[in-house]
Amino acid sequence: MLSRRFLRIKVVKSVYAHFKSASESIAVSEKSLIKSIDKAYDLYYQMLELAVDVGRYAAERLEIARNKKLPTYEDLHPNTKFVDNRIIERLENDRKFNEHLKKNGLGWSNYPELIRQLYTQMTASDYYHEYMNRNERSLRDDARLLSLFYERTVQDNELLEAVVEEQSILWCDDIDFSLIMVLRTLDACRANQTEIPILPQFQSEDDLRFAKELFRKTLLGFDESLKYIERFTQNWDVERIAYLDNIIMATAMAELLGFESIPVKVTLDEYIDIAKYYSTPGSSLFINGVLDKIVESLKAEGRIVKTGRGLIETTV
């Protein structure tokens, strides 16, 4: 499922895109945010389908070998452990999974070179040979093979990244998140299940509402947030402050002020970590220092109000 961290990142990026596009419509920008969130969930399905297509390619190769004019003994008696992988079989037969693929136009049929490359790299790997030569044949063994495939062959594959970007510009930064979801799915597979435990898009119905409210609160309060931020960055060269840093801090302020059930510490930790990965070197330390001062000031003004068991202690 898409985590709150992931949704915060999507909001930060959508706020940035809203201002960079000079859009005057919050509603239009909000639709773009929701579309990017939905597309990220589609990428999770797309990545699961990758194993299925590699499995189909492997089966096709075995069939071609069997139909040679002069097949070898190995051609007629191949090791079918991978093509009989039960996780792949369950995905192929999962009605809801395949309906989602069809409905959203997902799949890899237009990219045979990618499938061929991934298959070639996988079959040349130590983890694949160990799997194929092991007598054990459990569902966990099948799931582990696919986990290693995603971790060691799919991750950081340049051709895959290029293909994903070609399929959707909205997927450019979402590959790692989708792979985490795939690995969690594989880890949750059990022998007594009849279907793949596909993760829901959100942990709860509140998550999408959280993203939309955070986006709107950030935009509507952005000018006021900037004025507040400027109070604590007077000794900084304005031109040296990355624009994205201001976006991150403004979004953090919107969350601090607009969501009573989220502890202050959680909010601070989330946006400081987001700055580490998405802004300039040193931004996280800068943002950490500024947000600490902002929180102290907002508390003194009585503007930060947290409700719920345990939240009072965590805001100190």
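This structure is a prediction, so every number in the text was calculated from the model and none was measured.

As for the overall build of the protein chain
When its secondary structure is counted, the protein chain shows 16 helices and zero strands. A burial count over the protein chain gives 47% of its 316 residues as buried. For the protein chain, the exposed area adds up to about 17,100 Å²; of that, 49% sits on carbon and sulfur atoms. In the protein chain, the 43 positive side-chain charges and the 51 negative ones have mean positions that sit 3 Å from each other.

Description of the packing of helix H2 (residues 26-66) against helix H6 (residues 112-123)
Direction vectors running N to C along H2 and H6 enclose 80°, while the axes themselves pass 9 Å from each other. Of the possible angle classes, the one that applies to H2 and H6 is roughly perpendicular. In contact with Leu-50, Asp-53, Val-54, Tyr-57, Ala-58 and Arg-61 of H2, H6 contributes Leu-114, Ile-115, Arg-116, Leu-118, Tyr-119 and Met-122. A breakdown of the residues in the contact of H2 with H6 according to their chemical character gives nine nonpolar, no polar and three charged.

Observations regarding the environment of Thr-307
Inspection of the secondary structure puts Thr-307 in the loop between helix H15 (283-300) and helix H16 (311-314). With a relative accessible area of 40%, Thr-307 lands in the partly exposed category. A sequence separation of 39 residues divides Thr-307 from Leu-268, and the C-alpha atoms of the two residues are 17 Å apart. Discounting residues that sit within four places of it in the chain, Thr-307 has contacts with Glu-260 and Ser-261.

Digging into the side chain of Gln-46
For Gln-46, the position within the fold is in helix H2. The contacts of Gln-46, once residues within four sequence positions are left out, are Leu-106, Gly-107, Trp-108, Gln-167 and Trp-171.

Topic: H6
Compared with the 16 Å implied by 1.5 Å per residue over twelve residues, the 16 Å span of H6 between its first and last C-alpha is a close match. By the burial criterion, the buried members of H6 are Leu-114, Ile-115, Leu-118, Tyr-119, Met-122 and Thr-123. Down the axis, H6 shows its buried residues gathered within 155° of arc, on one side only. The inward-facing, buried residues of H6 contact H2, helix H7 (126-133), helix H8 (139-154) and helix H9 (158-167).

Remarks on the pattern of salt bridges
Evaluation of the coordinates by the stated rule reveals 28 salt bridges. Between Asp-273 and Arg-5 there is a salt bridge; the shortest N-O distance is 3.2 Å. Placement of Asp-273 in helix H14 (residues 264-278) and of Arg-5 in helix H1 (residues 4-20) is noted, with a sequence separation of 268 residues between them. When its relative accessible area of 23% is taken as the criterion, Asp-273 is described as partly exposed. Its relative accessible area of 26% is what places Arg-5 among the partly exposed residues. Arg-116 is the partner of Glu-113 in a salt bridge, and the nearest nitrogen-oxygen pair spans 2.5 Å. One end of the pair, Glu-113, and the other, Arg-116, are both in helix H6, three residues apart, so they sit about a helical turn from each other. Classification of Arg-116 as partly exposed rests on a relative accessible area of 33%. Ionic contacts of the salt-bridge type, sharing partners, join the residues Arg-5, Arg-8, Glu-255, Glu-270, Asp-273 and Lys-276 into one network.

Some thoughts on the packing of aromatic side chains
Scanning all chains against the criterion turns up twelve aromatic pairs. Seen in terms of ring centroids, Phe-19 and Phe-222 are 4.4 Å apart; in terms of plane orientation they differ by 35°. Their pairing is tilted. Highlighted residues: Phe-19 in helix H1 and Phe-222 in helix H12 (residues 222-231), separated in sequence by 203 residues. Using a relative accessible area of 29% as the deciding quantity, one classes Phe-19 as partly exposed. These aromatic residues form a ring-pair network of at least three members: Tyr-41, Tyr-44, Tyr-45 and Phe-97. Directly above the ring of Phe-259 sits Lys-217, whose terminal nitrogen or CZ lies 5.9 Å from the centroid.

Some points on the packing of H2 against H8
Contact geometry for H2 and H8: axes closest at 11 Å, N-to-C directions at 100°. Comparing their axes, H8 and H2 come out roughly perpendicular. For the pair H2 and H8, the contacting residues are Met-47, Leu-48, Leu-50, Ala-51 and Val-54 in the first and Leu-146, Phe-149, Tyr-150 and Val-154 in the second. In terms of residue class, the contact of H2 with H8 is built from nine nonpolar, no polar and no charged.

Some thoughts on the confidence of the model for the protein chain
In the predicted model, the protein chain carries a mean pLDDT of 93, and the fraction of residues at 70 or more is 96%. Across the protein chain, the secondary-structure element scoring lowest on mean pLDDT is H16, at 46, and the one scoring highest is H6, at 98. Between residues 312-316, whose pLDDT stays under 50, and residues either more than four places distant or in other chains, the model counts seven contacts.

Some remarks on the nonpolar core
Counting 97 residues, the largest nonpolar core has Met-47, Leu-50, Phe-82, Trp-108, Tyr-150 and Ile-294 as the members making the most contacts within it. For this core, the leading source of residues is H2, giving 16 residues. Ignoring anything within four residues of it in the chain, the contact list for Leu-50 reads Trp-108, Leu-114, Ile-115, Leu-118, Tyr-150, Val-154 and Leu-160.

Quick notes on the rules
Residues numbered from 1 in each chain as written. Predicted model: local features only at pLDDT ≥ 70, side-chain atom pairs only at ≥ 80, totals over all residues. Heavy atoms only, no water. Helix = DSSP H or I, 4+ residues; strand = E, 2+ residues; numbered from the N terminus. Buried < 20%, exposed > 50% of the residue type's maximum accessible area, 1.4 Å probe, protein only. Areas by Shrake-Rupley, 256 points an atom, 1.4 Å probe, with all protein chains shown as cover. Lys, Arg positive; Asp, Glu negative; His and termini not counted. Charge placed at Lys NZ, Arg CZ, Asp CG, Glu CD. Axes fitted to C-alpha atoms, helices over the stretch in contact; angles between N-to-C directions. Parallel < 35°, antiparallel > 145°, perpendicular 65-115°, else oblique. Contact = heavy atoms within 4.5 Å. Nonpolar A, V, L, I, M, F, W, Y, C, P; charged D, E, K, R; others polar. Expected span 1.5 Å × (residues − 1). Arc of directions from axis to C-beta. Salt bridge = Lys/Arg side-chain N within 4 Å of Asp/Glu carboxyl O. Phe/Tyr/Trp six-rings, centres within 6.5 Å; stacked < 30°, edge-to-face > 60°. Lys NZ or Arg CZ within 6 Å of the ring centre and 35° of its normal. pLDDT = per-residue confidence, 0-100. Core = buried A, V, L, I, M, F, W, Y, C linked by side-chain atoms within 4.5 Å.

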